[in-house]
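# Residue-level structural notes
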Amino acid sequence: MAPRVVTKLWRRCSNGGVSEEERAEGSPVGRRIVLGMLGLGAAGVAVGASLQERVNHALAPVGQLGNVLPAAGGFRYYTVTGSVKHYSGADWRMTVDGLVDKPRTFGMADLARLPQTALDKDFQCVTGWRVPDVRWAGVALPDLLQVVGVAPQAKAVRFTSFDGVYTESLTLDQARRRDVLVATRMEGGPVTHDHGGPVRLYVAPMYGYKSLKWLGGIELTDRVRSGYWERRGYDVDAWVGRSNGRDDAPT
Amino acid sequence: MRFTRAERSIHHVTALLMLVCLGTAAALYFPTLSTVVGRRELLKTVHIWCGFALPVPIVLGLASRAFRADIRRLNRFAPHDWEWLKRGDRRAVHDGRGVLPVGKFNAGQKLNAAFTAGAVMLMLGTGEVLTFPDPWADRWRTGATFVHDWLFLAVLAVTAGHLWEALRDRGAMTGMLTGRVDRDWAARHHAGWVDAVQSEHVQNTNGQETGTAR
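Thresholds, definitions, all that
Each residue is numbered by its place in its chain's sequence as written, counting from 1. Here every chain gets a letter starting at A, and every ligand a number starting at 1, in the order they are written. With the structure being a predicted model, the display of local features is reserved for residues of pLDDT at least 70 and the display and counting of side-chain atom pairs for 80 or more, all residues being used for whole-chain, interface and lining totals. Side-chain numbers here rest on the full set of heavy atoms in the structure, without hydrogens or water. Each helix corresponds to a stretch of at least 4 residues labelled H or I by DSSP, and each strand to a stretch of at least 2 residues labelled E; elements are numbered beginning at the N terminus. Each residue gets one of three labels from its accessible area relative to the maximum for its type: buried under 20%, exposed over 50%, partly exposed in between, using a 1.4 Å probe on protein chains only. Throughout, a residue-residue contact means that at least one pair of heavy atoms, one from each residue, lies within 4.5 Å. Residue exposure ignores everything except the shown protein chains as possible cover, and the areas themselves are Shrake-Rupley values with a 1.4 Å probe. Accessible area that two parts lose when put together, evaluated with a 1.4 Å probe and summed over both, is termed the buried area. Here a salt bridge means any side-chain nitrogen of Lys or Arg lying within 4 Å of a carboxyl oxygen belonging to Asp or Glu. Polar contact is defined as a pair of N or O atoms within 3.5 Å, subject to the rule that within protein one atom must be able to donate a hydrogen and the other to accept it, and that residues adjacent in sequence are counted only when both atoms are side-chain atoms. Any residue that is not Ala, Val, Leu, Ile, Met, Phe, Trp, Tyr, Cys, Pro, Asp, Glu, Lys or Arg is counted as polar, Gly included; the first ten are nonpolar and the last four charged. Between any two strands, pairing holds if DSSP finds at least two bridges. Lines fitted to C-alpha atoms define the axes, with helix axes restricted to the stretch in contact, and inter-axis angles between N-to-C directions lie between 0 and 180 degrees. Per-residue confidence from the predictor is reported as pLDDT, a score between 0 and 100. Among buried residues, those of type Ala, Val, Leu, Ile, Met, Phe, Trp, Tyr and Cys that are joined through side-chain atoms within 4.5 Å constitute a nonpolar core. An angle below 35 degrees is treated as roughly parallel, one above 145 as roughly antiparallel, one from 65 to 115 as roughly perpendicular, and anything else as oblique. What makes a crossing left-handed is the near helix being turned counterclockwise from the far one by less than a right angle; a clockwise turn instead makes it right-handed.

Assigned secondary structure in chain B consists of 11 helices and 2 strands. The order of helices and strands in chain B, counted from the N terminus, is α-α-α-α-α-α-β-β-α-α-α-α-α. Split into buried and exposed, the 214 residues of chain B put 43% on the buried side. Intrachain contacts of chain B at a sequence separation of at least 6 include 65% that bridge at least 24 residues. Accessible surface for chain B amounts to roughly 11800 Å². Of this, 65% is attributable to carbon and sulfur atoms.

Attention now goes to the interface of chain B and chain A. Listed per partner, the contact involves 41 residues of chain B and 47 residues of chain A. By the criterion of area lost to chain A, the three top residues of chain B are Arg 40, Arg 76 and Phe 146 of chain B, representing 18% of everything that side buries. For the pair chain B and chain A, the interface holds 1 salt bridge. Here Glu 41 of chain B ties to Arg 232 of chain A by a salt bridge, and the two come within 3.9 Å at their closest N and O atoms. Taken together, the links from chain B to chain A amount to 7 residue pairs in polar contact (both at pLDDT 80 or more). Counting residues per element, the ones that place at least two in the side of chain B that touches chain A are helix H2 (31-37), helix H3 (40-53), helix H5 (65-75), helix H7 (107-131) and helix H8 (138-167) of chain B. Looking at the side of chain B that touches chain A, its residues break down into 21 nonpolar, 9 polar and 11 charged.

So, on to the sheet that holds strand E10 (residues 215-221) of chain A. Residue and element names in this part refer to chain A. Read across the open sheet, the 5 strands follow the order E2-E1-E10-E5-E6; overall the sheet is mixed. Either end of the sheet is taken by a strand with one partner, and the two such strands are strand E2 (104-106) and strand E6 (167-171). Neighbour-to-neighbour, the strand axes of the sheet open up by a mean angle of 20 degrees, direction not taken into account. Here strand E1 (residues 94-98) runs beside E2; their pairing, made up of 3 bridges, is antiparallel. When the sheet's bridge partners are listed, Thr 95 is paired in E2 with Thr 105. Sheet strands in contact with helix H5 (residues 141-148) are E1, E2, strand E5 (156-161), E6 and E10, and its direction is about 140 degrees off that of E2.

Another point: the pattern of salt bridges. A full pass over the atoms with the stated rule returns 19 salt bridges over all chains. Close ionic contact of Arg 97 of chain B with Asp 195 of chain B constitutes a salt bridge, the shortest N to O distance being 3.0 Å. Remark: Asp 195 of chain B occurs in helix H11 (residues 191-205) and Arg 97 of chain B occurs in strand E2 (residues 97-98); sequence separation between them is 98 residues. Given the relative accessible area of 33%, Arg 97 of chain B is considered partly exposed. You can call Asp 195 of chain B partly exposed: its relative accessible area is 34%. A single network of salt bridges, built from pairs that share partners, joins Arg 104, Asp 110 and Arg 113 of chain A.

The subject of this paragraph is the confidence of the model for chain B. Residue and element names in this part refer to chain B. Counting all residues, the mean pLDDT for chain B is 91, and 96% of those residues have values of 70 or more. Confidence scores differ between elements of chain B, with H2 showing the lowest mean pLDDT of 79 and helix H4 (residues 55-61) the highest of 97. Confidence drops under a pLDDT of 50 for residues 209-214, and excluding neighbours within four residues, the segment shows 10 contacts in the predicted structure.

Counting 58 residues, the largest nonpolar core has Leu 111, Leu 141, Leu 144 and Ile 218 of chain A as its most contacted members. Those residues in contact with Leu 141 of chain A, other than ones at most four positions away along the chain, are Phe 159, Leu 170, Ala 175, Val 180, Leu 181, Val 182 and Ile 218 of chain A. Membership of the second largest hydrophobic core comes to 20 residues, among which are Met 37 of chain A together with Tyr 29, Met 123 and Phe 152 of chain B.

All names here are of chain B. At a minimum axis distance of 11 Å, the contact between helix H1 (residues 5-29) and H8 shows a crossing angle of 130 degrees. Classified by the interaxial angle, the pair formed by H1 and H8 is oblique. Helix-helix and strand crossings are classified by hand; for H1 and H8 the assignment is left-handed. For the pair H1 and H8, the contacting residues are His 11, Met 18, Leu 19, Leu 22, Ala 25, Ala 26 and Tyr 29 in the first and Asp 149, Phe 152, Leu 153, Val 155, Leu 156, Thr 159, His 162 and Leu 163 in the second.

The next point concerns the packing of helix H6 (residues 79-86) of chain B against H7 of chain B. Residues and elements named next belong to chain B. Interhelical geometry of H6 versus H7 gives an angle of 95 degrees and a closest axis separation of 9 Å. The angle between H6 and H7 falls in the class roughly perpendicular. Contacts from Asp 81, Trp 84 and Leu 85 in H6 reach Ala 107, Gly 108, Lys 110 and Leu 111 in H7. Its residues placed into classes, the contact of H6 with H7 shows 4 nonpolar, 1 polar and 2 charged.

This paragraph deals with the environment of Asp 95 of chain B. All names here are of chain B. The topology assignment puts Asp 95 in the loop between strand E1 (93-94) and E2. Among the residues examined, Asp 95 registers a relative accessible area of 75% and is labelled exposed. On a C-alpha basis, the gap between Asp 95 and Arg 188 in space is 8.9 Å, while along the polypeptide they are 93 residues apart.

And the structure:
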């Protein structure tokens, strides 16, 4: 056995011509395919960002394809729990309590009676995908806070999802921005269940994980409490382009 | 004897990890499935662990001489392999023997092996960027996502093709499950390999080399 090993080692070290045995075995196509794939993959990583943008534009007219292949653009469905209870607009309720003057429960009709705000804004996910020019409508959070009255010692707003797990928080200053919505409509229709309906949060200037889906409760608190992904390493102040080590264009 | 116990173990563990990777990937990626399954944190954890474990059986397997020999066979393309790819009657059998002197692996199996090896390396590399994104700039992360996403669809298709070919060939399945195939099946599908095994066997019985019976 030993001499064979030695010959093999010698053959590998020498850069001489192809031996008879190797010629009989054929050319190393497998290795070339693997190396070719690695080259293509590296090129794909290098140009992928601009290529993906072009793919999104090219497939945009196909519309619904993004619902089948996320890489073809559009929203991607994320939930951290197994299944989420479905609420119709009629059954849905949201409590607003904590450090407020008048705690109360809201239904869809209550929200509809408040001043309505519409925004045309991009949705940017921290994982990289972005959906341009989404039409959002609902009640601006400052308008809702005015109805319940914020107590002087309140410093932050905490949101809970009726999925039972997900939570998010904003500072009171952030929550008083006009581009933070309790969204009841999206793209001209109701917010569907898969998009976090019937009512979700939309925090325009921040990454998507701040825009909590399936909104079930709002609580005014004395300090910011980390949300679901923030306890798993994401930034609490999730400004698009200025957090999480990313440099996306602001939304 | 087609596959040793070590080779079969390498195959089965890799196959299991690959299927778990593809299954969790599908549940994380396809919107209709994500909607039904949910549980992203759990799926993500399973996907990442299985993904990083994927090369382990292959690397450990390099300790097996038979496995190394088969990697060498899969790598090399002989003239009859090119013919196998070109000809419409590549699987034709004449007098119980395949018309082409196909070796232990046919050209399709060789292509599948090379693609899978390349894909595993690319998925590992891009998966590393996605799992630990901090040191990487956005365009690299987006590029890695791009490769990871689209290559996933290719791997899904190729793996489905591999399973399809295997499941409709009882002889091949037996070979991978028990390690043994019967001579007639081998003569029909891998005529060149049968000849090689037989001549080696003759050499062995002539006492030129003792020990291995392959």
